[in-house]
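# A closer look at the structure
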Amino acid sequence: MSEAKASGNRSRWLSGASARRVAIVLFGLGCTLLASPLAINTESYWIVVLASAVYTTIVVVSMTVLAGSSGIWSLAHASFVAIGAYLTANLAGMGVPFEVLIPLCAGTGAVVGYFLGLSAGRFSTLYFGLLTLAVSMTASEIIGRWDQVTGGDQGIAVPPVKSLLLNLNLTDKYGAAASLFIATLVFLVLDFIIKGARGRRWRAIKSQRMASMSIGLIPHRENALAFALSAGLAALSGVASAITIGYLDPNEFSLERSVILIAGSVVGGIGSLAGSVFGGAFVAGVPELARGLRDVAAFAFGTSMIVVLLFVPQGLVPFVLQRLRLHRRRRSGGHGAGESRTDASPEQIAQLARDLLPKADAALTVDRLSVRFGGLKAIDGVSLSLAPGSVLGLIGPNGAGKTTLLNVLSGYVQPSDFGTLRLGDFELAGRPAYERLRMGFGRTFQHAELFDELTVRETLLLGASRGHALQHMSAARRFQEDHAVAQRILEGLHLEKYADAYPAELPFGIQKVVDIGRMLATRPQAVALDEPFSGLDEDEAAQLRAILRGMKLAGVTVIIIDHAVQEVLSIADSVVVLDFGKVLAAGSPAEIQDNPEVLAAYFGKRATQARAEEARLATEKQYA
Amino acid sequence: MHFLVPLLISGIVTGAAYGLVALGKTIIFKTTDTVNFAIADIATLAAFVSITAMHAGLPVWGGLLLSIAVAGTLGIVTERLLLRRIARNRYRIFVALVIMIGLALVIRAGIGATWGHDPVKFPALVPGSVRLAGIAIPLNKIVATVMALIAMGVVAWFFTHTSFGVAMRASAEDPFAARLVGINANRVAAIAWFIGCGLAAISIFFLAADSALTPVFALVPLFRALAGVFLGGLTSMPGAVLGGFAIGMLDNLAAGYVSASFRDTIVFSVIVLVLFIRPEGLLGKTRAERV
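Here the structure is a predicted model, which is why all the values come from computation and not from measurement.

### Notes on the overall build of chain B
- For chain B, the helix and strand inventory stands at 11 helices and 4 strands.
- Its C-alpha atoms give chain B a radius of gyration of 19 Å, near enough to 19 Å, the size a compact globule of 291 residues would have.
- Principal axes of the C-alpha set define a box for chain B whose edges measure 60 × 50 × 35 Å.
- Sequence separation of at least 24 residues holds for 75% of the intrachain contacts in chain B that already meet a minimum separation of 6.

What follows is the structure, encoded as structure tokens:
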């Protein structure tokens, strides 16, 4: 608990990621020394309780980070702890030292986790629930029967674990110190990964699985990586517990234990590193307090899960930290929200697009494309082509198939039949959505679909980091370049004042600009914009117009779908009108404007006749 | 062969029990997007209430009705008090799952504190047994299977032939549109939870008579039914019943032919394998997750 408090303080007088990491290391190693026989008598009962809170924290933090960053709940983490614990119990006797056990156990846990994650991630995050349940039950049966390794129901004693570097036997007196050392390691690794680029990817996928694919992220693979990391760290909790307790009880690795660990992560705060310290102490402490009262601990765990989720869903520690921060901000006056618009001229945007995007050289060709949903033909033999650097407007009444066509182009819907579907040399059909970006195709979304848990700057950074996925350059160069790209877009789209805001804090118009920024950051050569004008007020629409003109000036290939027909006609080089899944008309904006069939589709027959009549009268009048 | 027939018979008997719980879970999942991890614990609590009533003189058939009523009411209360509050949560499906896991813990602890941890003998609705294919089968199990099939039939009839049942299915497909045409979403949720938990109560009531009631009695039927739900396709009611029967069969065959101490391993390995090949389950539609 003291560490939770310390981390709150830390953020006050230190800023920046590296300072935070230094603090984690100093604090962790300081505690490690304090909890060793060098400083105190480690044979006291309370030191063992402390150590068990620490090794419980290790597995709680591995779970809470998984749930927080990827939205995956695991019912099998007690089984991953078992991997580390039983490996330690069996290998220590053969003389394998602490320094080898750590990478070995973490690696084994991670490999098991990766394969489980890969199979579950293909389906849905809910499927992780069933799969981990299966793992947990299977693990219990194996532990119960595999006597040579696990000692069966009786459990097994852990031989002394030695440290090679320190030339010490850790098992007798150094349990708490070893647990604290491992915990420090785990927090450091998690801080690096979760607060870094990888964590941004995971949070993006968690909040918008679909939009994340449009910037080239592969959800199931990232889910598997997150699960592997979590399982590997959980196995380290097993090493720590084996050293501390010196005896492995199979009940510690049961499904019920996994459930209680979930209680720990929920109560501490899902995704919160500081919260996991509280969660670990909670899970280890409640049974100590309720010693001898069989049902009280389970009751407390269950009730706390429900109450926290209903009333303090972010968890106790984040709740307290938020209150503190709010209090401080109020005292310092806070930062007021600026006005809700950005202004950039078409020329500035054009410069931005020219600087960032590759020159468009690939033509988009769609030939005889059809999409069927059951008996419904959403798209029926549509053909169109688009020269590099030109703007195509796609219009049509509701249900015409516009969005379906866009979803086919960006890979979310597979065509049922087609002649060709190409961007330059790339065949698009059959390729998953996350590969479109590599082919130079980007898109925006009607509802912006921004990543809830990333700030504007983080979103742009994430986009930028995907933009050069194929180029080979050093990590430091990449880092610099990503930041430069993000900064360039922030400035170019006049988003600087929103750089550190989360999507929920932004007006809808700004969200849509950020969506465009995210797409620009990935540096595609052809882009599709899904109803960019919908939901914008007049000021916001004016700004969007400037952005579109800028992209056109810069020679970006653009497909724009919108109900705002006038807007589309005024910017497009060519227009395709869809109706009931078929191409109703195609041509220049001027041709489309006067096409009677188009007018009929939009306004109905009678209105069109009336309009034609009006036109005839007007002509007659002119010549009269 | 003489070994197989009794295994198949007991597969059908346990399959019917798992199928009922699976059906209850699917009804609840379809209508309120909640994976009900506490359904079997709610039913177990109801069974403890009825055994107390039966000890006080209630006949066994009365105990069955009481059990259904108690479980159904607890279901309604659960939905009303614990789930309606989180309706707007973005990650609702997961929050609901974790809340249900917590509720299961609370119920188990509550039962332990009230009725103790010693097994409680549970009466059969119909005592005695018959010989079938060379083995003695308790009549109670046959009654249980028949009742399960009847209950499944009634549920199928309700959802296809009554206007409210059809409205409930419509509401599950598209809650927004259903509200527009005047279907009361709260009432749909309440009825779904009553039916779902009531079905589980029937299942647990008969399963308890096979062995004895304990606070952790719910665990095995819960996990098997959950596996059945996934196997059947998560949102398909016939799929859930089929999945439940499949698990019951698998369970008995695994215990009979391979090893009784690895039945969970075998059952779950087969399911994971099946879902690997056919992710949408036996009768499920491929569907975007509603999260």
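Past the structure itself, the notes keep going.
### Here's the deal with the interface of chain A and chain B
- With 32 residues of chain A at the contact, the number on the chain B side is 35 residues.
- Elements supplying a minimum of two residues to the side of chain A that touches chain B: α6 (125-145), α13 (255-268) and α15 (296-311) of chain A.
- For the side of chain A that touches chain B, the element with the highest residue contribution is α6(A), accounting for 10 residues.
- Counted by class, the side of chain A that touches chain B contains 20 nonpolar, 7 polar and 5 charged residues.

### Quick word on helix α22 (residues 508-521) of chain A
Residues and elements named next belong to chain A.
- The end-to-end C-alpha distance of α22, which contains 14 residues, comes to 20 Å, matching closely the 20 Å that a straight helix rising 1.5 Å per residue would cover.
- In terms of burial, α22 is a largely internal element, 13 of the 14 residues being buried.
- R523 sits one or two residues past α22 and shows a positive phi near 55°.

### Details of the sheet that holds strand β13 (residues 574-579) of chain A
Residues and elements named next belong to chain A.
- What the 6 strands build is an open sheet, ordered β10-β11-β12-β7-β13-β14; its pairing is mixed. Strand pairing shows two members of the sheet lacking a second neighbour, β10 (441-443) and β14 (582-587), which therefore form its edges. Across the sheet, the axes of successive neighbouring strands diverge by a mean angle of 20°, strand direction being ignored.
- As paired strands, β13 and β14 are joined by 5 bridges and run antiparallel to one another. Following the sheet pairing, D579 is matched in β14 by K582.

### Topic: the environment of A:T404
All names here are of chain A.
- Positionally, T404 belongs in helix α18 (residues 402-409).
- Taking the C-alpha atoms as reference, T404 lies 8.0 Å from V371; in sequence the two are 33 residues apart.
- Not counting the four nearest positions on each side in its chain, T404 is found in contact with V371, A378, I379 and V413.

### Here's the deal with the pairing of β13(A)
Residues and elements named next belong to chain A.
- As paired strands, strand β7 (residues 391-395) and β13 are joined by 4 bridges and run parallel to one another. Bridge pairing links L392 to S574 in β13.
- Between β13 and β14, which pair antiparallel in sequence order, lie 2 residues; one of them, F580, sits at a positive phi of approximately 50°.

### What about the confidence of the model for chain B?
Residues and elements named next belong to chain B.
- Overall, the prediction assigns chain B a mean pLDDT of 86, with 97% of residues at 70 or greater.
- Ranking the elements of chain B by mean pLDDT puts helix α7 (residues 175-180) last, at 75, and helix α2 (residues 39-55) first, at 94.
- pLDDT under 50 marks residues 287-291. Its contacts with residues more than four places away, or in other chains, come to 6 contacts.
- Prediction confidence for the complex, expressed as pTM and ipTM, is 0.83 and 0.87 respectively.

### Considerations on the sheet that holds strand β6 (residues 376-386) of chain A
All names here are of chain A.
- The sheet built from 4 strands is open, its strands ordered β6-β5-β8-β9 with antiparallel pairing. Either end of the sheet is taken by a strand with one partner, and the two such strands are β6 and β9 (426-427).
- Sitting on the sheet, α18 is in contact with β5 (364-373) and β6, with an inclination near 65° to β6.

### Considering the domain arrangement of chain A
All names here are of chain A.
- Split into domains, chain A comes out as domain 1 (2-328) and domain 2 (346-452 + 523-593).
- When each unit is reduced to the centre of its C-alpha atoms, the spacing between domain 1 and domain 2 is 46 Å.
- With 12 residues of domain 1 at the interface, the matching set in domain 2 holds 12 residues.
- When residues of the side of domain 1 that touches domain 2 are traced back to their parent elements, those giving at least two are α10 (197-207) and α11 (209-214).
- The class makeup of the residues in the side of domain 1 that touches domain 2 is 7 nonpolar, 4 polar and 1 charged.

### Some thoughts on the nonpolar core
- Counting 299 residues, the largest nonpolar core has A:L236, B:I42, B:A43, B:V98 and B:A200 as its most contacted members.
- Looking at which element gives the most residues to this core, the answer is helix α8 (residues 185-210) of chain B, with 18 residues.
- Residue assignment places this core across two domains, with domain 1 (2-328) and domain 2 (346-452 + 523-593) of chain A each supplying three or more.
- Contacts of B:I42, omitting those with residues within four sequence positions, involve B:A71, B:L74, B:G75, B:I107, B:C197 and B:A200.

About the thresholds
- Residues numbered from 1 in each chain as written.
- Chains lettered and ligands numbered in written order.
- Predicted model: local features only at pLDDT ≥ 70, side-chain atom pairs only at ≥ 80, totals over all residues.
- Helix = DSSP H or I, 4+ residues; strand = E, 2+ residues; numbered from the N terminus.
- Rg over C-alpha atoms; globule rule 2.2 N^0.38 Å.
- Contact = placed C-beta atoms within 7 Å.
- Nonpolar A, V, L, I, M, F, W, Y, C, P; charged D, E, K, R; others polar.
- Expected span 1.5 Å × (residues − 1).
- Buried ≥ 20, exposed ≤ 12 C-beta atoms within 10 Å, placed from the backbone.
- Pairing = 2+ DSSP bridges.
- Axes fitted to C-alpha atoms, helices over the stretch in contact; angles between N-to-C directions.
- pLDDT = per-residue confidence, 0-100.
- Domains from an automatic or database assignment.
- Core = buried A, V, L, I, M, F, W, Y, C linked by C-beta atoms within 7 Å.

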